[in-house]
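Analysis of the macromolecular model
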Amino acid sequence: MDAKIGKFFESVGTFFTGGDSIPWCDSDIVVGCEREVAEAEKGSTDELKSECLLRLSWALVHSKRSEDVQRGIAMLEASLPSTSSPLQMREKMYLLAVGYYRSADYSRSRHLVDRCLEIAPEWRQAITLKKSIEDHGVIGIGIAATAVGLVAGGLAAALSRKK
């Protein structure tokens, strides 16, 4: 029980400090990846183009800018149907999960990370992301419980003043 309470307070602290274990990406890295994609479009192999696009997708979903994250999600969703390699499919699903996590769509993120873990149960990045998603769920429950407690306390105080 003490461990769960400690985990809850650690999660709340992480929530308020804005920290998570998923790396962030600066806009200069996004710009560099965009340049790389543009150069690859000028006659490189399909494999190189695909690698450059995957790096750009990674940079976008790890960006601090929500517009970049949304763009990364759109790129990844558009590329999934044509992905035949199981390894690339896993990578793209993980990156999509990161994008949805950064967009606060935790249920979608959780679904995708669970699919990744079905493919590779010991994948540390996916396990870390799943823990971050679960921590946000614990925080949400804690905030909701606090709100209910405050409302109930306010009602009790209001009723006691009437008497």
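As annotated in an unreviewed UniProt entry, the protein carries the name Mitochondrial fission 1 protein and is attributed to Cynara cardunculus var. scolymus. Taken verbatim from the UniProt record of the protein, the Function (unreviewed entry) comment is "Component of the peroxisomal and mitochondrial division machineries. Plays a role in promoting the fission of mitochondria and peroxisomes." The Sequence similarities (unreviewed entry) field of the UniProt record for the protein holds the comment "Belongs to the FIS1 family."

Before going further, it helps to examine the overall build of the protein. What the protein contains, in helices and strands, is 7 helices and 0 strands. Along its sequence from the N terminus, the protein presents helices and strands in the succession α-α-α-α-α-α-α. Buried residues in the protein amount to 31% of all 163 residues. Counting contacts in the protein only where the partners sit at least 6 residues apart, residues at least 24 apart contribute 55% of the total. Approximately 10200 Å² of the protein is accessible, and the part contributed by carbon and sulfur atoms is 60%.

On to the pattern of salt bridges. Using the criterion set out here, one finds 10 salt bridges in the structure. Glu36 serves as the salt-bridge partner of Arg55, at 2.7 Å between the closest nitrogen and oxygen. Residue Arg55 is found in helix 3 (residues 46-61), and its partner Glu36 is found in helix 2 (residues 27-40); the two are separated by 19 residues along the sequence. Exposure remark for Arg55: the relative accessible area of 36% places this residue in the partly exposed category. The closest approach of N and O atoms between Arg65 and Glu67, which form a salt bridge, is 2.9 Å. Classification of Arg65 by relative accessible area gives partly exposed; the value is 43%. When salt bridges that share partners are traced, they join Arg110, Asp114, Lys130 and Glu134 into one network.

Okay, the packing of helix 2 against helix 3 next. At their nearest, the axes of helix 2 and helix 3 sit 9 Å apart, and the two run at 160° to each other. Accordingly, the angle class assigned to the pair helix 2 and helix 3 is roughly antiparallel. As helix 2 runs across helix 3, the sense of the crossing is left-handed. Of helix 3, the residues touching helix 2 (which contributes Ile29, Val30, Cys33, Glu34, Glu36, Val37 and Ala40) are Lys49, Cys52, Leu53, Arg55, Leu56, Ala59 and Leu60. Each residue belonging to the contact of helix 2 with helix 3 can be placed in one class, and the counts come to 10 nonpolar, no polar and 4 charged.

Reading the values: the criteria
- Within every chain, residues take consecutive numbers counted from 1 along the sequence as written.
- The predicted origin of the model limits local features to residues at a pLDDT of at least 70 and limits the giving and counting of side-chain atom pairs to 80 or more, whereas totals for whole chains, interfaces and linings rest on all residues.
- Neither water nor hydrogens contribute to the side-chain values; these are computed over all heavy atoms in the structure.
- UniProt positions are given in the numbering used here, feature names are shortened, and annotations may be inferred rather than shown by experiment.
- Secondary structure elements are taken from DSSP: a helix is a run of H or I of four residues or more, a strand is a run of E of two residues or more, and numbering for both begins at the N terminus.
- Only protein chains enter the area calculation, which uses a 1.4 Å probe; residues under 20% of their type maximum are buried, those over 50% are exposed, and those in between are partly exposed.
- By definition in these notes, contact holds between two residues if any of their heavy atoms fall within 4.5 Å.
- The accessible surface values rely on the Shrake-Rupley method and a 1.4 Å probe; as for residues, cover is taken only from the protein chains in view.
- What makes a salt bridge here is a side-chain nitrogen of Lys or Arg within 4 Å of a carboxyl oxygen of Asp or Glu, nothing more.
- Note on geometry: axes are lines fitted to C-alpha atoms, helical ones only across the stretch in contact, with angles between N-to-C directions running from 0 to 180 degrees.
- Here is the rule for angles: anything less than 35 degrees is roughly parallel, anything more than 145 is roughly antiparallel, 65 through 115 is roughly perpendicular, and the remaining ranges are oblique.
- Take the far helix as your reference; a near helix turned counterclockwise from it by less than a right angle gives a left-handed crossing, and one turned clockwise gives a right-handed crossing.
- Note that Gly is not counted as nonpolar here; it falls among the polar residues with everything else outside the nonpolar set of Ala, Val, Leu, Ile, Met, Phe, Trp, Tyr, Cys and Pro and the charged set of Asp, Glu, Lys and Arg.

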